[in-house]
Amino acid sequence: METPSHDPNGLSAAIRQSPPLDVSLPYDASRVKGKTIVVTGGASGFGAGFVREWANNGANVIMGDINVEKGDALARQIRKETGKDNVHFVHCDVTDWQSQVNLFKEAVRLSPHGGIDTVVANAGIAPEPDELLHPKDLSAAEPKAPNVKTIDVNFVGVAYSVHLAYYWLPRNPGAKACSIDSDQRQPRDRHILLIGSLASLAPLSLSPQYGATKHAVLGLFRSLRATTHVHGIRINMVCPYFIDTPILKLPVRIFLAGGGMGKVEDVVEAATRFVSDSRILGRALVVGPKASLKQDDQGEWKVVDYGTPGSEVKALWEPYADDWHEQDAFNRNIAKALNAVQAARGWGGWALDVVRAVGYLFWGSK
Ligand SMILES: NC(=O)c1ccc[n+]([C@@H]2O[C@H](COP(=O)([O-])OP(=O)(O)OC[C@H]3O[C@@H](n4cnc5c(N)ncnc54)[C@H](O)[C@@H]3O)[C@@H](O)[C@H]2O)c1
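Residues numbered from 1 in each chain as written. Predicted model: local features only at pLDDT ≥ 70, side-chain atom pairs only at ≥ 80, totals over all residues. Heavy atoms only, no water.

### Describing the pattern of salt bridges
Logical step 1: Counted by the stated rule, this structure contains 17 salt bridges.
Logical step 2: Two residues, Arg52 and Glu81, come together in a salt bridge whose shortest N-O distance is 2.8 Å. Placement of the pair is Arg52 in helix 2 (residues 45–56) and Glu81 in helix 3 (residues 68–82), with a sequence separation of 29 residues.
Logical step 3: Among the residues examined, Glu81 registers a relative accessible area of 46% and is labelled partly exposed. (Salt bridge = Lys/Arg side-chain N within 4 Å of Asp/Glu carboxyl O. Helix = DSSP H or I, 4+ residues; strand = E, 2+ residues; numbered from the N terminus. Buried < 20%, exposed > 50% of the residue type's maximum accessible area, 1.4 Å probe, protein only.)

Below you can see the structure in the form of structure tokens.
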């Protein structure tokens, strides 16, 4: 994908956003050491991946989740592996304000330096089966209220997390206001990481509430990053494509059969790049399936053998508004890459995915 230059007179300079990311450059995960990080929805999927990666690199991680059994087991397991007491589980329902207040208070109490460096608003649910907003029974005397649970978890929950982050992050002892003028990475930080989706950027016509909530998270990100230089709290965002976690139910897995699905490790990589480098302000990364790709003379992306001269192996992309000029549904380069992966995998790949999708019902992700 073409990376626009950092225009010194453009909007990104006005809102003091840091320059475009070069994801081919390495990042240093060990820089999360000593940071205190709050992760909502940390018991499963991406959240569990973040908790494990950051705890293994010496961060103090406090995860909040409604799933007590999974969250507690994960914390115990990581503590056993690392032999350290730097992972904690706190029961939290993100839709309940007081429950989130309790999570943040606990995080501060458990933090060795008495503050919070990063808040990751990750908890989310899949589209509810009845989330279509059209009333089913047009002959009813009075319409029934729609089920808006997806909005409660995926947006109200995020809004609560962000509000609490704006309360606690400035109180982090030793943390300075972030600034693009700082060329040093700061150990004490003030950082919010939002988890959007490709559904933040493209419509999900069968899941309007889910799509709306992820667009809302993008709106929050774009609005808040514009005032980063005022409050000194940096904000970044990860927008994953479909990634193999328990959130993907059987119909979605069947629908996606034969195509490429992203991996949790790539989402963890994108998030760790943001968390470990306090110089990144106001940037977003899309995460898709990893593939070796090369652009031909017409600009079409083709899947090629690993190591082909001029090819790039990538799962991470920076999204830009002008990516959407030519089509409505997907970032054009990602759509091309996904099509190419699908063509390369053929019917054999499709059949394998259908078997895996059905097997997932019985055996989970392994
Ligand atoms: N997996 C994907 O394909 C994908 C793609 C794009 C975005 N996302 C987003 O990534 C985030 C993480 O999803 P995941 O794929 O890891 O799913 P997951 O189901 O594995 O994990 C979500 C976690 O959130 C928790 N949770 C749900 N409701 C909660 C509540 N009210 N309070 C606290 N915790 C709650 C669940 O218990 C679970 O542990 C979500 O916001 C999701 O919308 C996922």
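### Topic: the site of the ligand
Logical step 1: The environment of the ligand is formed by 29 residues, the closest being Ser44, Asp65, Tyr210, Ile243 and Thr245.
Logical step 2: The contact in question runs from an oxygen atom of the ligand to an N or O atom on the side chain of Ser44, over 2.6 Å.
Logical step 3: Note that a nitrogen atom of the ligand is positioned 3.5 Å from one of the backbone N or O atoms of Ile66.
Logical step 4: Calculation on the ligand without its partners gives an accessible area of 830 Å², and the protein chains cover 93% of this total. (Near = heavy atom within 4 Å. Polar contact = N/O pair within 3.5 Å; in protein donor to acceptor, adjacent residues only side chain to side chain. Areas by Shrake-Rupley, 256 points an atom, 1.4 Å probe, with all protein chains shown as cover.)

### Overview of the pairing of strand 3 (residues 87–91)
Logical step 1: Counting buried positions over the five residues of strand 3 gives four, a clear majority of the element.
Logical step 2: Bridge count for strand 2 (residues 60–65) against strand 3 is five bridges, and the pairing is parallel. From the neighbouring strand, Ile62 faces strand 3, where its bridge partner is His88.
Logical step 3: Following the backbone out of strand 2, through helix 3 and into the adjacent parallel strand 3, one traces a crossover that is right-handed. (Pairing = 2+ DSSP bridges. Right-handed = clockwise from strand over helix to strand, strands pointing away.)

### Topic: the packing of helix 2 against helix 9 (residues 264–276)
Logical step 1: Following both chains from N to C, one finds helix 2 and helix 9 inclined at 55 degrees, their axes separated by 9 Å at the closest point. The angle between the axes of helix 2 and helix 9 places the two elements in the oblique class. Relative to helix 9, helix 2 is oriented so that their crossing is right-handed. Facing Gly45, Phe46, Gly49, Phe50, Glu53 and Trp54 of helix 2, the residues of helix 9 in contact are Val264, Val267, Val268, Ala271, Thr272 and Val275.
Logical step 2: Of the residues belonging to the contact of helix 2 with helix 9, the class tally is eight nonpolar, three polar and one charged. (Axes fitted to C-alpha atoms, helices over the stretch in contact; angles between N-to-C directions. Parallel < 35°, antiparallel > 145°, perpendicular 65-115°, else oblique. Left-handed = near helix turned anticlockwise from the far one by under 90°. Contact = heavy atoms within 4.5 Å. Nonpolar A, V, L, I, M, F, W, Y, C, P; charged D, E, K, R; others polar.)

### Here's the deal with the packing of helix 5 (residues 149–168) against helix 6 (residues 208–225)
Logical step 1: At a minimum axis distance of 8 Å, the contact between helix 5 and helix 6 shows a crossing angle of 20 degrees. In terms of orientation, helix 5 lies roughly parallel with respect to helix 6. In this structure, helix 5 meets helix 6 at a crossing whose hand is right-handed. Judged by residue contacts, Lys149, Thr150, Ile151, Asn154, Phe155, Val158, Val162 and Tyr166 of helix 5 engage Gln209, Tyr210, Thr213, Lys214, Ala216, Val217, Leu220 and Leu224 from helix 6.
Logical step 2: A breakdown of the residues in the contact of helix 5 with helix 6 according to their chemical character gives ten nonpolar, four polar and two charged.

### Some thoughts on the environment of Arg109
Logical step 1: Tracing the backbone through its elements, the reader meets Arg109 in helix 4 (residues 97–110).
Logical step 2: A polar side-chain atom of Arg109 sits 3.0 Å from a polar atom in the side chain of Glu106.

### Details of the nonpolar core
Logical step 1: Of all hydrophobic cores here, the largest spans 45 residues; its most connected members are Phe104, Ile116, Ile192, Leu194 and Met237.
Logical step 2: Contributing elements (two or more residues each) for this core: helix 4, strand 4 (118–121), helix 5, strand 5 (191–195), helix 6, strand 6 (234–240), strand 7 (284–295) and helix 10 (332–363).
Logical step 3: Top contributing element to this core by residue count: helix 5, with six residues.
Logical step 4: Contact partners of Ile192, with chain neighbours within four places excluded, come to Val119, Val162, Ala165, Tyr166, Leu169, Ile233, Arg234, Ile235 and Asn236.
Logical step 5: With 34 residues, the next largest nonpolar core counts Ile37, Val51, Val61 and Met63 among its residues. (Core = buried A, V, L, I, M, F, W, Y, C linked by side-chain atoms within 4.5 Å.)

### Concerning the state of the cysteines
Logical step 1: A full pass over the atoms with the stated rule returns zero disulfides.
Logical step 2: Not engaged in a disulfide, the cysteine Cys178 finds its nearest cysteine sulfur in Cys239; these two sulfurs lie 19 Å apart.
Logical step 3: Judged by its relative accessible area of 13%, Cys178 is buried.
Logical step 4: Classification of Cys239 as buried rests on a relative accessible area of 1%. (Disulfide = S-S within 2.5 Å.)

### Quick notes on helix 2
Logical step 1: For helix 2, spanning twelve residues, the distance from its first C-alpha to its last is 17 Å, which sits close to the expected 16 Å at 1.5 Å a residue.
Logical step 2: Most of helix 2 sits inside the fold, with nine of its twelve residues counted as buried.
Logical step 3: Among the residues making up helix 2, those that are buried are Gly45, Phe46, Gly47, Ala48, Gly49, Phe50, Val51, Trp54 and Ala55.
Logical step 4: Directly after helix 2, the chain includes Gly58, whose backbone phi takes a positive value near 95 degrees. (Expected span 1.5 Å × (residues − 1).)

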